[in-house]
Amino acid sequence: AEAQQKKTLVFVTNVAADFWTFARRGIEKAQKEHPDYNMEMIVTTEGTAAAQRRELDDLVARGVAGISVSVDDAAHATEELNKVAAKAVLFTTDSDAPQSKRVAYIGTDNVAAGRQAGQEILKALPNGGKIMLFVGTMDADNARERVQGIREALKGSKVEILDVRTDQADFTKAKSNAEDTLAKYPDISLMSGLWSYDTPEIYDAVKNAGKCGKVKIVGFDEDARTLRGISEGCVQSTIVQQPFEFGYQSMIGLIKVINGDRSWIPADGKIIVPTRVIDKSNVAEFVTYVKTLLHK
Amino acid sequence: MRKELGLFLLLIVVSAITAAINPLFLSGVNLLDMANLIGMFGVFSIGEGFTIITGGIDLSIGSMFALLGVVFVDLLTEYQVAWPLALLAIIAGGLVLGALQAFLITRLKMQPFIVTLCGLLIYRGAARYYTTDSSRGFGYGDEADTLRTLAAGHVYGVPNTFIFLVVLAVVMGVLLHRSVYGRYLYAVGKNEEAARFSGIRSNLVIAGAYVLSGGLAAISTVLLVFYTNSVSPSSFGNFYELYAIAAAVLGGCSLRGGEGSILGIVLGTALLQVLQNLVNILGIPSSLNFAVMGTVILLGVLTDQQLQARRKLAAATAGSARAAAAPALAQRGQQT
Amino acid sequence: MRKELGLFLLLIVVSAITAAINPLFLSGVNLLDMANLIGMFGVFSIGEGFTIITGGIDLSIGSMFALLGVVFVDLLTEYQVAWPLALLAIIAGGLVLGALQAFLITRLKMQPFIVTLCGLLIYRGAARYYTTDSSRGFGYGDEADTLRTLAAGHVYGVPNTFIFLVVLAVVMGVLLHRSVYGRYLYAVGKNEEAARFSGIRSNLVIAGAYVLSGGLAAISTVLLVFYTNSVSPSSFGNFYELYAIAAAVLGGCSLRGGEGSILGIVLGTALLQVLQNLVNILGIPSSLNFAVMGTVILLGVLTDQQLQARRKLAAATAGSARAAAAPALAQRGQQT
Amino acid sequence: MADTLLELAGITKTYPGVVALDNVSLRVMRGEVLGLVGENGAGKSTLMKILGGVTEPTAGVIRIDGREHRALTVSGATRAGIAFVHQELNLFENLDVASNVFIGREKLAFGPLMLVDNATLRARVAPLLTRLGADFAPDTPVETLSIAQRQMVEIAKALSVDARVIIMDEPTSSLTLSETERLLQIVADLKASGVAVIYITHRLGEIMTCADRVVVLRDGRMVGELGREALSHAAMIRLMIGRDLKSLYVPPREAPRAGGCTLTGVVTTAFPDRRIDLSVRHGEILGLAGLVGSGRTSLARTVFGIDRLIGGEIRLDDEVIAIHSPRDAIRQGIYLVPEDRKRAGLVLEMPIRENITLADLLHHARLLLIDRRSEARVARAQSATLSIKAPNIETQAVTLSGGNQQKVVLAKWLSMQPRVVIFDEPTRGIDVGAKTEIYTLMRGLADRGVAILMISSDMEEVIGVSDRIAVMHEGRISGLLEREQFTEYNVLRLAIGQALEPTESAA
Ligand SMILES: Nc1ncnc2c1ncn2[C@@H]1O[C@H](COP(=O)(O)OP(=O)(O)OP(=O)(O)O)[C@@H](O)[C@H]1O
Ligand SMILES: Nc1ncnc2c1ncn2[C@@H]1O[C@H](COP(=O)(O)OP(=O)(O)OP(=O)(O)O)[C@@H](O)[C@H]1O
Ligand SMILES: [Mg+2]
Ligand SMILES: [Mg+2]
């Protein structure tokens, strides 16, 4: 019965990915600070808009007080989100839906992150070259935005994007895509993985082919092997988001709004958690940070 | 009817337990949300049921959703086609895909599993290629508002999808259980050769099931599109054929063909939806969603089978011997 | 052998065309990459083939990979278990899961499709729950380097996985085509009742196939884990059962049971991998990956079927009569 | 003979590699019973399938009411008043009896809705079942019926058509004497009402009883026609196999020995409240007769370990043996030749060699690997001894005729060491030539000291082959007959559960 009294806050992800483990830690931290709330995380089963809509409906039916959601297919979910916003405090995180009546967005600016990656690519290839991008699916917003950012940054340079290969989030396929690229383009200069597992698979493929250093790698996110690759010098750099902050700030922010405090929210509602570039210079310190977060 | 009764009881028990733990399960909002989902999933599960009754299977449904879905949205938004036309085009599309599969199965004598598996691969590939992997949706405008109201609206709070399913179930129930076509379907599903010897054009009967499944998949596409308002070609409808198969099998369809009822399929769909709902309502970790579903299906089918075996044993006292042995053998025995 | 020959020719033709367009297809690097993938996928496809020959199916393979995969990595990294122990534990795990399914299928007489579908749902759910949806990988340390060298290394450039597959294929080929168990397997797959009337313990024979499939899935898990170096419980091995089924069916296994050969399954696996590779090598949009696969399977099965029908027509001159009619009928029989 | 009802002229049917029918012409008169006989594979069923519209002839015409057809369809044939009782059962287990009887010809209600009017169907089927003496109702699901009952449903199906010609392709293959008699009575009634019947059977006695005229086919050709007056077993057999048959039955060469298989108080799942006591001695053939559903097959399945033994014990040479599975039975040398050879006797798609060695594979294996040469040796020897007609031992069993298939099943057991062999309907659907060979084999076995239990519904066979006859009635043994008591009358009395007349037993 007591559980019914407590207000419930829920964090809804878009796909099942590692990334969200960090957010979970953030939520756990918030939970410790606010034991009078009941905090949950829902890792979706399917990663489809339909599944997410069902989850949101069910949460509204359950009468939860606040929801922070990484929106699947944000451009088209407005109506559903508005329905949710009418019943609960609604934040978006990681993937925004600016047209909706969400109160705030806490997350990355993926186009900016893409631009950052573009800068890193330029740094790695001062004389230009051919590059290949790898991602799970291109119909995900963050994939499109990152590609867009990279293209913007590379505009006018001598770097040529050959193609974007997709793998449906199948790691084996991701790795064989990387291997096939090495086979097809012996002169490839750089490969970039846009989703967290892509970069480590590229790293493995490049390393197995004995092409470390010859083929540069720039990636996204903080997979352990990505970081190891950076320490080894096989991976140039990676752009990391701060999902821990997504989780933590979402919960704290929801509580603030529930208590009537909206003063901290900017006009467009966007609270951008900046992305960071991890390269050889700061990787050691970052690894320690990640380890303490994950293994506690 | 015994099978349906058992399923109904299972549904009641599961619901009662859930409601006991969290009474919100029975709240109006939740019930109507579920009704809506049952409506959408029920439509294509009925189609799947028809193909299963012929002794076949349709694995292509989920990919059909993706292909028809992106085309449908494009017709409305990109090409500004009037909604009745777009609707017709999509339904025609579903029927044509169904007919194509039917042709390969009945004329070229390919196995349904293979044909529809290739359909699964090809349709989704086509959808992804056509959209160059970008999703399609109704974003800014309010396209096809009339159709949207029809597909996603409600009457006195009851979702139209649910009303549609009820009507469809009645119509399909009459078709399957009372009409000549239905009878032939059962006959063909059980013993195709004998059906041909009885002058039944079994090819036509089987083809009908696949065409119907395609048509109902098309209608479901429209319902699903208006539910999510967008279609991402790589994930839209992924795996939904498994829901449909599970619903049909739970509802008493046998993959060996010749068995199943509309009521059973609808109840099966309802059970699957309740199971998914309760995971969220009870706050069970969502990672266990599929596991809960798998466990309940397993236990459900198992209990039903044991009960039936016992019933048969009891009936056998009346003097039948081979009765018990034969089906047990046939269980995993040869076909046709 | 004719079927295998046809498949081999198809493989040659596809390869030749690809090589003609892009000679890099035949580069050492590419061939060895492919050999590695064929090695990994071949192992579990052989297991799948065994279950299909009994007239059943194993849909649970992909989810087994996920469950066994996360446990395996955890044993090595989290619990620092010595690698031989961890390897044994995982293989035992695969065998136990297989045995569990075998029990439900042979003892409780449930349909293999249902049992393994529930396995698919439950194992993945368990994997996700166990890891709370986070992936497991070899990150910072160099765990199990000996085993890694065994699983992911190579001898004179030839990947160990491929060598393993060749050895396995020979062993399994002898088991299937020369041993008493193999003969029983075909007999049970073709006509379980007649097999039982000949004193064959068909339950044991069928159970053997599922246990074997589980065991080979476990070995594949290890190979796959060392290939990707990490396991995401929600996506690892997703859909791989379909690859396995497709490879087996392409290779001549019939879903009605009683047909198929190891050589065919291996060739089928090879064809599927070549198809995926050529999409990348020829720079065909990734979105068409599955579509290409679907189309080639469809055309392959279709051509083969037409050729066989023609051959049978010719062979019938030798005097066999009803033989031709019977399989044609059964062609579209139901599956178990 | 003025009334020609229909005529088949110059019918030829070729399957790839086989000429099933070669220029056969046939005329059917109104109200006659035309017997059609011939060896297995002679083309009887094929000819009838053409008439029933199930297959198309390669050449020839079908004349009905003066109109010529190149081929008929099933519905066309039905419209022309041709009804068909198929040789292979063509029923739908998932539907009830009435639905099966009217399948493809449903009575519709509600006009354009094309709904099936079940009530009418059932009402129409009920009298047909009564006429056949069937003990089940129109709404009984077919899956609960025995083979014999199913055969009655097939017959009811033919009767339900208002037919002018009824084709009966081995309608009695699963029926025992009393049902057969009833059917023959129905045939007579049909004839009296002007309906023609084409009657195919391998039980020549039935032909003798009912046929007005007999047409004999051999190898797809019509080899002769016998009028009522010229009808005799010998004449038919001569035409069928092209020579005289010395004698159908072989007498025993040695007297039965001591020992054998003894059942005491055996209870089967089919009749949980009945106990069976029976013993078969080494060297004898014990016939087991009874009506349809009397429990003979269940007894055989129980002894062979397919069905569970609920009570009682089985002794072999005075030793109690435990049989939980066919494996146990086989280990004891107890073998079963099942009644449904295609389903239970053979793996049809396997070659003869593999079928023959299937039950004894371990003897052809070293280290669990099969020695194909040893297999081939045994298979070749067996097919020579049993004179199996096939191109070679790698021929698939499907392609063989019924008689040769049955011989393969026998070869499987004969290659091992039989002590007791149970034959369940050993000659069902098998032509006279092959029958004799099988009888000779059985007798040969018995003479070698094997105990043989022969379940048969063919009265001639039971009386001709057995040394003793046991009769079952509703799950129990209702009596035993010694050779001098062998009469149809006695068997039948016991089969319907009446005691023998005292004069008989005194004699
Ligand atoms: N498939 C079946 N379903 C229900 N009851 C059956 C079936 N087969 C046989 N029975 C019943 O079981 C009992 C014993 O049948 P069984 O087959 O052993 O007798 P049988 O004398 O061999 O008959 P048949 O001549 O048909 O083989 C009978 O009461 C029969 O009606
Ligand atoms: N569908 C078919 N395809 C090829 N050959 C066939 C087919 N049906 C029958 N045959 C062949 O035609 C010939 C005649 O067969 P049919 O079934 O007419 O013989 P039957 O006289 O009815 O024999 P039985 O007494 O065994 O029933 C046989 O050689 C048979 O193998
Ligand atoms: Mg015949
Ligand atoms: Mg019997």
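Refer to the structure above for everything that follows.
Everything in this summary refers to the structure shown in the same document.

Rules used in this analysis
- Here, residues in each chain are numbered from 1, in the same order as that chain's written sequence.
- As they are written, the chains are lettered A onward and the ligands numbered 1 onward, keeping that order.
- Owing to the predicted nature of the model, reporting of local features is limited to residues with pLDDT of at least 70; listing and counting of side-chain atom pairs is limited to 80 or more, with chain, interface and lining totals taken over all residues.
- Water and hydrogen atoms were dropped before computing side-chain values, which therefore reflect all heavy atoms in the structure.
- Numbering of helices and strands runs from the N terminus, with a helix taken as a DSSP run of H or I at least four residues long and a strand as a DSSP run of E at least two residues long.
- The quantity called the radius of gyration is restricted to C-alpha atoms. Its globule counterpart is 2.2 Å times the number of residues to the power 0.38.
- In this scheme, a residue with accessible area under 20% of its type's maximum is buried, one over 50% is exposed, and one in between is partly exposed, where area comes from a 1.4 Å probe on protein chains only.
- A contact between two residues is defined here by any heavy atoms of the two lying within 4.5 Å.
- Each accessible area is a Shrake-Rupley result for a 1.4 Å probe, and residues are judged covered by the shown protein chains and nothing else.
- Positive charges come from Lys and Arg alone, negative charges from Asp and Glu alone, with His and the N- and C-terminal ends not counted.
- Charged groups are reduced to one reference atom each: NZ for lysine, CZ for arginine, CG for aspartic acid, CD for glutamic acid.
- Working convention: axes come from line fits to C-alpha atoms, limited for helices to the stretch in contact. Angles between N-to-C directions cover 0 to 180 degrees.
- The labels follow the angle: roughly parallel below 35 degrees, roughly antiparallel above 145, roughly perpendicular from 65 to 115, and oblique for the rest.
- Think of it as three bins: nonpolar holds Ala, Val, Leu, Ile, Met, Phe, Trp, Tyr, Cys and Pro, charged holds Asp, Glu, Lys and Arg, and polar takes everything else, Gly as well.
- A residue counts toward the fit only if its pLDDT is at least 70 in both copies, and the copies are then superposed by least squares on the C-alpha atoms of those residues.
- Under the pairing criterion, centres of Phe, Tyr and Trp rings, with the six-membered ring standing for Trp, must be within 6.5 Å; the plane angle then separates stacked pairs below 30 degrees from edge-to-face pairs above 60, leaving the rest tilted.
- Charges are assigned to positions over rings by a cutoff of 6 Å between ring centre and Lys NZ or Arg CZ, combined with an angular limit of 35 degrees from the ring normal.
- Expected span, for any helix, means 1.5 Å times one less than how many residues it has.
- Note: two strands are recorded as paired if DSSP finds a minimum of 2 bridges between them.
- Atoms of type N, O and S within 2.8 Å of a metal are treated as its donors, and for Na, K and Ca the window is 3.2 Å; water is not considered, so some sites may appear to be missing partners.

### A short note on the overall build of chain B
And then number 1: Looking only at helices and strands, chain B features 14 helices and four strands.
And then number 2: The C-alpha atoms of chain B give a radius of gyration of 21 Å, which matches the 20 Å a tight globule of 336 residues would have.
And then number 3: Out of the 336 residues belonging to chain B, those deemed buried represent 65%.
And then number 4: Sequence separation of 24 or more characterises 78% of the internal contacts of chain B that already satisfy a separation of 6 or more.
And then number 5: Carbon and sulfur atoms make up 70% of the accessible area of chain B, which amounts to about 11500 Å² in all.
And then number 6: Within chain B, one finds 19 positive and 15 negative side-chain charges whose respective centroids are separated by 17 Å.

### Observations regarding the packing of helix 7 (residues 160-178) of chain C against helix 10 (residues 202-228) of chain C
Residue and element names in this part refer to chain C.
And then number 1: Viewed as axis vectors pointing N to C, helix 7 and helix 10 meet at an angle of 170°, and their least axial separation amounts to 12 Å. Looking at the two axes, helix 7 sits roughly antiparallel to helix 10. Mapping the contact onto sequence places T161, F164, L168 and M172 in helix 7 and L212, L216, I219 and L223 in helix 10.
And then number 2: Grouping the amino acids of the contact of helix 7 with helix 10 by side-chain chemistry returns seven nonpolar, one polar and no charged.

### Considering the relation of the copies chain C and chain B
And then number 1: Of the two same-sequence chains, chain C is brought onto chain B (RMSD 0.1 Å, axial shift 0.1 Å) by a rotation of 180°. The operation mapping one copy onto its partner corresponds to a two-fold rotation axis.
And then number 2: An overlap of 93% is found between the interface residues of chain C and their copies at the interface of chain B, pointing to a shared contact surface.

### Some remarks on the packing of aromatic side chains
And then number 1: For the coordinates displayed, the defined rule picks out 26 aromatic pairs over all chains.
And then number 2: Seen from their ring centres, F11 of chain A and W20 of chain A are 5.5 Å apart, and the 65° between their planes marks the pair as edge-to-face.
And then number 3: An aromatic cluster of at least three residues, connected via ring pairs, comprises F41, F44, F65, Y240 and Y243 of chain B.
And then number 4: One residue, K29 of chain A, lies across the ring of Y248 of chain A, its end atom 4.3 Å from the ring centre.
And then number 5: In this structure, K175 of chain A is placed above the aromatic ring of Y227 of chain C, and the distance from its NZ or CZ to the ring centre is 4.2 Å.

### What to know about helix 10 (residues 243-258) of chain A
All names here are of chain A.
And then number 1: For helix 10, which comprises 16 residues, the first-to-last C-alpha distance of 22 Å matches the rise-based estimate of 22 Å (1.5 Å per residue) to within 8%.
And then number 2: The element helix 10 is extensively covered by neighbouring structure, given that twelve of its 16 residues are classed as buried.
And then number 3: Buried within helix 10 we find P243, F244, F246, G247, Y248, S250, M251, I252, G253, L254, I255 and V257.
And then number 4: Where helix 10 ends, the next residue or the one after it, G260, has phi of about 90°, a positive value.

### Looking at the sheet that holds strand 2 (residues 18-29) of chain D
Residue and element names in this part refer to chain D.
And then number 1: Reading across from one edge, 2-1-4-5 is the order of the four strands in this open sheet, with antiparallel pairing throughout. Pairing within the sheet leaves two strands with one partner each, and these edge strands are strand 2 and strand 5 (67-69). The average undirected angle you get between the axes of adjacent strands in this sheet is 20°.
And then number 2: Most of the contacts of helix 1 (residues 44-51) go to strand 1 (residues 4-15), to which it runs at about 120°, and overall it touches strand 1, strand 2 and strand 4 (59-64).

### As for the coordination of the magnesium ion (ligand 4)
Residues and elements named next belong to chain D.
And then number 1: Distances from the magnesium ion (ligand 4) to its protein donors, T297 (OG1) and E339 (OE), fall within 1.8 to 2.7 Å. On the criterion of sequence distance, the pair formed by T297 in helix 9 (residues 296-303) and E339 in the loop between strand 18 (334-337) and helix 11 (341-345) is long-range, its members being 42 residues apart. Accessibility assignment for this pair places T297 and E339 in one class, buried.

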